[in-house]
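Chains, contacts and geometry: an overview
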Amino acid sequence: MNITQKSQKLLTTIAEIGREYSAKPDIHLIDPFNHFFDKNKNLILNELDKQDGPWTRRELITRFLLLNAVLDQGPDIEGLRQLLIKVTNELYQREVRILHRPLDFFKELGISIDKICTVHEGIKKVRAPIWAKENQSNPEKYNLFMDNSKQVLNYAVFRWGVPLCVPLILEKDGKTLIDYLERCNSAELMSKEIKDNERYGLGKAIGDKAGHLFAKWYVCSFNLARRQDKGWQNLSFEIPFDSNAGRIFFRTGFLLNWANIKDYIEWEVVQKGKGKGGLNYIRVTNIRGKKSDVALKDNGLFERYKTICAEYLSTKKRPRTIEIQQIPNALLLNTDYGIDELDNGLIYIGTNFCLNHENSKCKDCPIKELCEGYNSNPDLIQNYRT
Ligand code: SF4
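These lines cover the structure that appears in this document, whether it is placed above or below. Note that the coordinates shown come from a computational prediction; the quantities given were computed from them, not determined experimentally. (Residues numbered from 1 in each chain as written. Predicted model: local features only at pLDDT ≥ 70, side-chain atom pairs only at ≥ 80, totals over all residues. Heavy atoms only, no water.)

Describing unusual backbone geometry
Applied cut-off: In this description a helix means any DSSP run of H or I spanning at least four residues, a strand means any run of E spanning at least two, and both kinds are numbered starting from the N terminus. Summary of the burial criterion: residues with accessible area below 20% of their type's maximum are buried, those above 50% are exposed, and those between are partly exposed, where the area comes from a 1.4 Å probe applied to protein chains only.
Of note, the phi angle at Asn 223 is positive, near 50°, even though the residue is not glycine. One can find Asn 223 in the loop between α9 (208-221) and α10 (243-251). Taking the relative accessible area as the measure of exposure, Asn 223 reaches 41% and is therefore partly exposed.

Here it is, written out as structure tokens:
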């Protein structure tokens, strides 16, 4: 097998695992959304355009997911999703209807921050010991207020307030969030728009990974997109490159198929001695925009990549180089799998087997047969952390 075939085999195997495993938020637990789901907890898709007060169900769920994507950037996904669900439900019980009327969050800021604080304390008691064990850390360090902040106002106004302001300003301008999102030519362009738009962009409140996670939920996990053209399908956005993806792609040898270790060091994707315990640190977000000369030499892969850029991502009509973070899209083109399934598989493997310390569960890992770190290069596992 050549490098392209080997890499494709790895990705389709991970995506097949991801097909069985859903990593999407439990939005059926949001009280005001209860009636959007059937008795099997499936979203009723043919009723997404039904009005719920002034907004459609599709609009309200999209507002929630935008907020969820921003908050998902914190530590302990399990804890922060519980926090979001509980705070939202408790605010609705007090008639602070933050999805129907985002201004309520600010009008009743006292109630909003009190709820965030009390729910956070309750979750901390349960989750801190579990989180500390999983991450070989100290439970005292458990804090869902992002940016290492202990101040609730900073967290509430910046991380909750900014994504709630987006539909608020759109409403003032006579637009809905879903119309605004779907005027982009692809889900990939939409993921950039929600960050960079001068008037409505979330700016520093959202990173690239969270923008792509939102695209995944919107297009694939919840089938919210009304557009059905190639720009709005399961290969139409980049993979949310998080630490799970970075660790697995590095340890399995996937990244080293496309560039060598010197390149990754020069690009500061690999930072020598800057990881936990003085090990090497993999900063996967630094891969964005880096080119692979190796991939460019494979004509078949380059043709697929051109199709992905021109028809799916809508990023470039005639690319002359191949960006590493978009190689998964090209490798999955003409297979049965999408970026959503690949990402779900990476989350499953990264949280259950490929752990961010020396005691990864390689022997039980479902992709061990395809893993270079496990089979021939243990250095990739022992000396690198994300
Ligand atoms: S075999 Fe080990 S290093 Fe390789 S992906 Fe699985 S857990 Fe990670």
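Regarding the packing of helix α8 (residues 187-196) against α9
We apply this condition: Helix axes are fitted only over the stretch in contact, all axes being lines through C-alpha atoms; the angle between N-to-C directions runs from 0 to 180 degrees. Note on terminology: angles under 35 degrees are roughly parallel, angles over 145 are roughly antiparallel, angles of 65 to 115 are roughly perpendicular, and the others are oblique. What makes a crossing left-handed is the near helix being turned counterclockwise from the far one by less than a right angle; a clockwise turn instead makes it right-handed. In what follows, residue pairs with any heavy atoms lying within 4.5 Å of each other are defined as contacts. Three residue categories are used. Nonpolar comprises Ala, Val, Leu, Ile, Met, Phe, Trp, Tyr, Cys and Pro, charged comprises Asp, Glu, Lys and Arg, and polar comprises the others, including Gly.
With their axes 9 Å apart at the nearest point, α8 and α9 run at an angle of 130° to one another. Here α8 lies oblique to α9, going by the angle between them. For the crossing formed where α8 meets α9, the hand is right-handed. In contact with Ala 187, Glu 188, Met 190, Ser 191, Ile 194 and Lys 195 of α8, α9 contributes Asp 208, Gly 211, His 212, Phe 214, Ala 215, Tyr 218 and Val 219. Among the residues making up the contact of α8 with α9, the classes are represented as seven nonpolar, three polar and three charged.

Notes on empty space enclosed by the protein
The method is simple in principle: a probe with the dimensions of a water molecule rolls over the atoms, and the space it marks as empty is what remains. The cut-off we apply is this: Points on a 1 Å grid, built from protein atoms alone, make a cavity when a 1.4 Å probe fits but cannot get out and make a pocket when they are open with protein on both sides within 12 Å along at least 5 of 7 lines; residues with an atom within 4 Å of a point are the lining residues. Grid points are joined across faces, edges and corners, and a volume is the space filled by probe spheres set on the points.
In this structure the tally under the stated criterion is one cavity of 30 Å³ or more. Taken as a whole, the largest cavity spans an internal volume of roughly 120 Å³. Lining the largest cavity are 14 residues, with Arg 251, Cys 354, Cys 362, Cys 365 and Cys 371 sitting closest to its centre. Grouping the constituent residues of the lining of the largest cavity by class yields ten nonpolar, two polar and two charged.

Focus: the pattern of salt bridges
Put simply, the rule is: The working definition used for a salt bridge is a side-chain nitrogen of Lys or Arg within 4 Å of a carboxyl oxygen of Asp or Glu.
On inspection of all chains with the given rule, the structure shows 22 salt bridges. Between Arg 159 and Asp 147 there is a salt bridge whose closest N-O contact spans 2.5 Å. Highlighted residues: Arg 159 in helix α6 (residues 152-172) and Asp 147 in the loop between α5 (109-134) and α6, separated in sequence by twelve residues. Accessibility expressed as a relative area gives 46% for Asp 147, which makes it partly exposed. Residue Asp 179 is joined to Arg 226 by a salt bridge in which the shortest nitrogen-to-oxygen separation is 2.7 Å.

With respect to the layout of surface pockets
Put simply, the second largest pocket is a space of about 230 Å³. If you trace the second largest pocket, you find 14 residues lining it, with Lys 24, Phe 37, Lys 41, Leu 43 and Phe 222 closest to the centre. The residue inventory of the lining of the second largest pocket, partitioned by class, reads six nonpolar, five polar and three charged.

Quick word on the packing of aromatic side chains
Counted only if it meets this: Classification of ring pairs rests on two measures: the distance between centres of Phe, Tyr or Trp rings, Trp counted by its six-membered ring, which must be within 6.5 Å, and the angle between planes, read as stacked under 30 degrees, edge-to-face over 60 and tilted in between. Two thresholds decide whether a charge sits over a ring: the Lys NZ or Arg CZ must be within 6 Å of the ring centre and within 35 degrees of the ring normal.
In total, this model carries 16 aromatic pairs according to the counting rule given. Look at Tyr 348 and Phe 353: their rings are 5.8 Å apart centre to centre, the planes differ by 70°, and that puts the pair in the edge-to-face class. Residue Tyr 348 is classed as partly exposed on the basis of its relative accessible area of 26%. By way of ring pairs, the aromatic residues Phe 241, Phe 249, Phe 254 and Trp 258 are connected into one cluster. Over the aromatic face of Phe 222 sits the side chain of Lys 24, whose NZ or CZ is 5.1 Å from the ring centroid.

Section: the sheet that holds strand β4 (residues 280-282)
This is how the line gets drawn: By this definition, two strands are paired if DSSP reports at least two bridges between them.
The sheet built from three strands is open, its strands ordered β3-β4-β5 with mixed pairing. Single-partner strands in this sheet number two, and they are β3 (270-271) and β5 (384-385). In terms of strand pairing, β3 meets β4 through two bridges, oriented antiparallel. Residue pairing in the sheet places Val 270 in a bridge with Ile 282 of β4.

Regarding the nonpolar core
Operational definition: In these notes, a set of buried Ala, Val, Leu, Ile, Met, Phe, Trp, Tyr and Cys residues joined through side-chain atoms within 4.5 Å is what counts as a nonpolar core. Domain limits in this description derive from either an automatic procedure or a database domain assignment.
With 121 residues, the main nonpolar core has Phe 33, Ile 98, Trp 160, Tyr 218 and Leu 342 as its most contacted residues. A per-element tally of this core places helix α2 (residues 57-71) first, with nine residues. Each of domain 1 (3-15 + 239-385) and domain 2 (25-183) gives at least three residues to this core.

These results come straight from atomic positions and should not be treated as a statement about function.
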